[in-house]
Structures are given as C-alpha cells and as structure tokens.
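# A look at the structure
Listed here are the chains, written in short residue letters.
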Amino acid sequence: MECLYCFLGFLLLAAILPLDAAKRFQDVLSNERPSSYMREHNQLNGWSSDENDWNEKLYPVWKRGDSRWKNSWKGGRVRAVLTSDSPALVGSTITFAVNLVFPRCQKEDADGNIVYEKNCRNDSGPSPDPYVYNWTAWTEDNDWRDGTSQGHHNVFPDGKPFPHPWKRNFVYVFHTLGQYFQKLGRCSVSVSINTANVTLGPQVMEVTVYRRHGRTYVPIAKVKDVYVVTDQIPIFVTMSQKNNRNSSDEIFLKDLPIIFNVLIHDPSHFLNESAIYYKWNFGDNTGLFVSNNPIMNHTYVLNGTFSFNLTVQATVPGLCSSPSPRPPKTTPSLSTNVKSYSNSPVLAGGKPLELREIPVENCKINRYGYFMATITIVAGILQVNILQVTDVLTPGPQPDDSLVDFVLTCQGSIPTEICTIISDPTCQVTQDTVCNTVDEDLGDTCLLTVRRAFSSPGTYCMNLTLGDDASLALTSTLVSIPGRDPAFLLRMTNGILVFVGFLTIFVTVIAILVSKKYRKYKAIESNTGIVVKDKGLNVFLSRAKTMFFPGNQEKDPLLKNPGIL
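So, how was this worked out
- Residues numbered from 1 in each chain as written.
- Predicted model: local features only at pLDDT ≥ 70, side-chain atom pairs only at ≥ 80, totals over all residues.
- Heavy atoms only, no water.
- UniProt positions renumbered as here; feature names shortened; annotations may be inferred.
- Helix = DSSP H or I, 4+ residues; strand = E, 2+ residues; numbered from the N terminus.
- Disulfide = S-S within 2.5 Å.
- Buried < 20%, exposed > 50% of the residue type's maximum accessible area, 1.4 Å probe, protein only.
- Core = buried A, V, L, I, M, F, W, Y, C linked by side-chain atoms within 4.5 Å.
- Salt bridge = Lys/Arg side-chain N within 4 Å of Asp/Glu carboxyl O.
- Pairing = 2+ DSSP bridges.
- Axes fitted to C-alpha atoms, helices over the stretch in contact; angles between N-to-C directions.
- Phe/Tyr/Trp six-rings, centres within 6.5 Å; stacked < 30°, edge-to-face > 60°.
- Lys NZ or Arg CZ within 6 Å of the ring centre and 35° of its normal.

Right, let's talk about the UniProt feature "domain: PKD" (unreviewed entry) in the protein chain for a bit. Cross-referencing UniProt, the feature "domain: PKD" (unreviewed entry) maps to residues 278–312 in the present numbering. Across residues 278–312, the secondary structure splits into 0% helix and 63% strand, with the terminal C-alpha atoms separated by 5 Å.

Here it is in structure tokens:
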C-alpha cells in the first residue's frame, strides 16, 4: 500500500513540475498581480492575457542584479525611456513611446545597424570596426537577413510568428492591466490603446526590450511609467497680463486686463466633434460668464484676493455605454506616489457597485473639467511714456560723449527702479545696460528725467523700464545722434577768430581812451611837425570814438579845453 502511495505521489509531482517550470508573461513582466475583476473589465483591443506561456528558452529572463546584464550590450548599458501623453479622458486614445538611449558614441544608422559615431571617442578609445552590431550583414543564417523564413526563432515570446517582412532588430513587450502587446521595432516605437474599457485612475505600463543574438534574444532594458485615465476633461489655464512682473505667482495688477487662456489636453482629438462651453466665475461679484471661446479677458478694479473658478463642459456624441468601472482599491505601490481618482460608491466588503450597460444610439455624454485658482490683485505701474527727448549742451569744449535727457511720466504706482538698455537700431544687439534706484522722495507724481551718454554718432534703440515689486512697464524709442561736420567746425573756428579780432581792437581803444582821460594836460609847443602829428592822432581817436560811442559829443572832456590853434 505504501508503494502505491509513493507511486501516486510521484505521478502527482511529475504533473506539477512542468506547470511550475513554465513561466508566464505575468511572471516575467511584472511583480504585480491584477485582480480577476480588473482582468474581466479591461479588455484591450489587440492585447493578450498575461497568463499565456513565455518562451524562456528563446527569450531568457534575468533578474535585477544578474551579472549577465553587464554583457548584454557592447560598450555599456542601453537605457529605455518610456513616455505617454497622459492624462487621458476615458474613451480617448493614449499613446506610449519608447526610445532607446545607446552608450556614448553609438547610434542607429539608416539601415537599422548600430554604428560608432565619427570623431567621437569613448572610454575605450576609437574602434577600428565602424559597427557595434551589423545586423544587415548578419551571416549566421540567411533567414535573419531577408526576414522571410518561418524558422522557429523568428517568433515572439508567446510563439506567434513575426509579421513579414519584419527586418527589425528589437522586440518590445508592453504590459499593463494584466495584458501584453508584442511589437518589432528599431530604436524607437510607439503603441496606442483606447481607454474606453480602462479602469479610471493611475495605472502602470511596463516595457521589456530584447535584441536578437544568434538564434535567441537577449534582454537589454526594462522600464515602467505611470499613466492616468480620468473621467474629467484635463484642462490647463494660463494667465498673463501686460506689465506683470511674474505671472506664475498668481499676483496681478489692478486696472489692467488679465488674459485667461484654456488649454484642453486632448492629443488624440477625441473632443473634436464635441460642443464645448466655458463657464467663468472671477470671484469679484461680476457674475457668471458663459461662452464657447477658450480665451477670456477680465479686469479687476479692486485690490484683494479673489477665487477664480472655471468649468468646462463638453458634449461628446456617440453611443452611450456604462461608465468605466473604478478599481476596488488603490494598489499600495501607487497610493504613495499618485493621487487616487476613485470616488465610486462601494458596498460592504470593498466591492464597487456594478453599473448596468444600456446602449442607446446617438446618445450624448457630458464630460466636465474644473480649474480653480486664488488670485491676488495689487497696485502696479500701468503705463510709461516719454514726454521729451533733448540734447544736453555743456559749456566749454564739447565732450567726447553726447548727452541726452529723457523725460518720463508713468501711471499707477510709483516705480522703485529704472533700467535703460541701449541697443542697435533693430533693438536686438545690446550695447549698454544701466539700472538705477528711484529716489524715494519722488512723491506721488511720477515724473523722471534720465540722462544717458552716447559714445558715437548713429541711430540707437532706447528701452526704458520702470519697475516695482509686482510690475514692469516698458517704453522704447529711437534716438539719432548727429555726427560732427568738419566744414561746420571750420566755419565755427573762423567765426571765433573774427570775433576775437574785433574784441581785441575794442579792448585796445578802450584802454587808450581811459589812459588819455587821466593823463595831465600839456600846452602845445611851437614845433610844427609835432603839432601835425598830435592833431592827426586826435582826429583818428575822435573818429573811433564816434564809431563806438555815437552819443552826445559834448561830454568829451577834450572839448572843455579846446586849446589854441
């Protein structure tokens, strides 16, 4: 009897061993075990159940830390980068993209071979062989080159044959929601899935990448990423305002319009045929605004803090069906990193309510999106203008730099700083930048004079910016600095010389007159030659006086003593 028990036990063990030895996709691709509820309600079109067997002989499985990973690729390790256009509105399509990042100095050429980049040196120095992997010239087996063979090694991990002609060098295995998808590709591939049957909330997509090696395949990279499916329209709102110093801090200026721009995240264009309405509430008791325009301007006229609310409604045409089921509970590995979107009613025991599917033709489903923000309104510089531009004339020799005064006025709050930027006429190439603090004694009137020097003649772009903690106001103008004309300078020099000559004669005449006024009178002697000489000089001086002093000649002191002729 004991022998019979031993024989039965042996048969039972023999039956169990093959089951334990055979690996399944879920054993290779993920450590998570989706519940039967998720498997039942998440049927992805074209995907297969991860309970299928995995061909471990053709596609070996290495655990993390296995030493074989170091030799899976020549020259280092390959890194896979997985991205998606998440979040996705339920019913839309979400796309995943995988890109392989090769070690330094390696790239994929036009034929799909991995080659060394020219003029690039890695740690091991330049390689005499231009190829890292020359798959085009693979000669181990002719069916590798043309991709037309039905060989047992031209299959996916589940045994399905490659599509013809395949001519791809990497095998990508995508895995999510208890299902997998296999695809051949080069250094980058993409996969799209429809989210109509995807459970709402955060999910995980995992990708394993293999490269061909002889008659088998070698794993080179694994990567995972979280994506989100939601029943709320993903929206983003940008807020901008003229003269606002920093829009990201949600502090804006009073008496200037704020531009609200709504961006709907819909990369698959799922809402293209939908009627979309925007309901605006700016929180300042101005009422509710409804429009079909995603852009709205609004001006706050009071300082303070306001709650801005936006609701976006989209009427989606199509067949009605039951809402997508929600997960019974959040996976522990996700709950610590991603906010849960689950808010469905739950019965005792943790099971969600089952929703009956009632298909109706030409049904319309309303989807909503929400945005809220707290906006702070403060006073700021609203506008700045240039009232006057004048050249500064300096006494004495003309300086090398031309000085120009700019008279500015502004509206709103008083600035605390002013910056000037002198550029070329196109306002592109900056030549000089100067910033100064505005005097606090400016008072309530914003009137400033800014003096700037220009080193050479020409046309300049002048930018003047007034700022405070919350605002920046800008104004610009073109300034023309004239050159110095040599002919003009020569005429100016000649004029100055003539003036100096006349001035010298005038000073000489005045000096002679003053000296004669205070000189002692002497009687005229009988010497004829001397008399004639003095008389001629007196006549000349008299005419000169008449020319410069055409007044009453009776005041001349010489007439008081006429002398005797």
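The next point concerns the state of the cysteines. Throughout this description, disulfide means a covalent bond between two cysteine sulfur atoms. Overall, the coordinates contain four disulfides when judged by the stated rule. One disulfide in the model links Cys-410 with Cys-446; its S-S distance is 1.7 Å. Between Cys-410 and Cys-446 the disulfide shows an S-S torsion of about 115 degrees. By sign, it is right-handed. Note that Cys-410 is positioned in strand E24 (residues 402–412) and Cys-446 in the loop between strand E26 (430–437) and strand E27 (447–454), a separation of 36 residues in sequence. A sulfur-sulfur distance of 2.0 Å marks the disulfide that ties Cys-419 to Cys-435. Given an S-S torsion of about 115 degrees, the disulfide between Cys-419 and Cys-435 has right-handed geometry. Of this pair, Cys-419 sits in strand E25 (residues 417–423) while Cys-435 sits in strand E26, and the two are 16 residues apart along the sequence. The exposure class of Cys-419 is buried, given its relative accessible area of 17%.

Let us look at the nonpolar core. Ranked by size, the top nonpolar core spans 34 residues in total, and within it Trp-73, Leu-100, Phe-170, Tyr-172, Phe-174 and Val-207 carry the most contacts. Of all the elements in the fold, those that place two or more residues in this core are strand E4 (79–84), strand E6 (93–101), strand E9 (131–133), strand E10 (170–176), strand E12 (188–194), strand E13 (201–213) and strand E14 (216–230). Among the elements that take part in this core, E14 stands out by supplying five residues, more than any other. Counting 26 residues, the second-largest nonpolar core is a separate cluster that includes Leu-89, Val-316, Phe-371 and Ile-377.

For the coordinates displayed, the defined rule picks out six salt bridges. Here Lys-224 makes a salt bridge to Glu-206, at a shortest N to O gap of 3.4 Å. A residue pair is termed long-range when its members are at least 10 positions apart, and Lys-224 in strand E14 and Glu-206 in strand E13 qualify at 18 residues. Of the residues examined, Lys-224 reaches a relative accessible area of 53% and is grouped as exposed. For Glu-206, a relative accessible area of 12% translates into the label buried. Where Glu-417 meets Arg-245, a salt bridge forms, and the shortest distance between an N and an O atom there is 2.8 Å. Taken as a pair, Glu-417 in strand E25 and Arg-245 in the loop between strand E15 (235–241) and strand E16 (251–253) lie far apart in primary sequence, 172 residues in all.

Ordered in space as E4-E6-E12, the three strands form an open sheet in which the pairing is antiparallel. Looking at the sheet topology across the chains shown, the edges are occupied by E4 and E12. Ignoring strand direction, the axes of neighbouring strands in this sheet form an average angle of 20 degrees.

With that settled, consider the packing of aromatic side chains. Under the defined criterion, the tally for this structure stands at 26 aromatic pairs. An aromatic cluster is built from Phe-25, Trp-54, Tyr-59, Phe-156, Phe-162, Tyr-180, Tyr-210 and Tyr-217, whose rings are joined through pairwise contacts. Over the ring of Tyr-133 we find Lys-74; its NZ or CZ atom is 5.1 Å from the centre of that ring.

With omega at 0 degrees, the peptide bond leading from Ser-86 into Pro-87 counts as cis. Structurally, Pro-87 can be placed in the loop between E4 and strand E5 (88–89). Located in the positive-phi region is Cys-105, a residue other than glycine, with phi close to 75 degrees. On the secondary structure map, Cys-105 appears in the loop between E6 and strand E7 (106–108). Since its relative accessible area comes to 4%, Cys-105 is described here as buried. Of note, His-269 is a non-glycine position whose phi angle comes to about 60 degrees, a positive value. Structurally, His-269 is set in the loop between strand E17 (257–264) and strand E18 (275–281).

Our focus in this paragraph is the pairing of E15. Side-chain alternation along E15 places Ile-235, Val-237, Met-239 and Gln-241 on a buried face and Phe-236, Thr-238 and Ser-240 on a face that remains uncovered. Inspection of the sheet shows E15 paired to E17 by seven bridges, in the antiparallel sense. Directly across from Ile-235, in E17, lies its bridge partner Ile-264.

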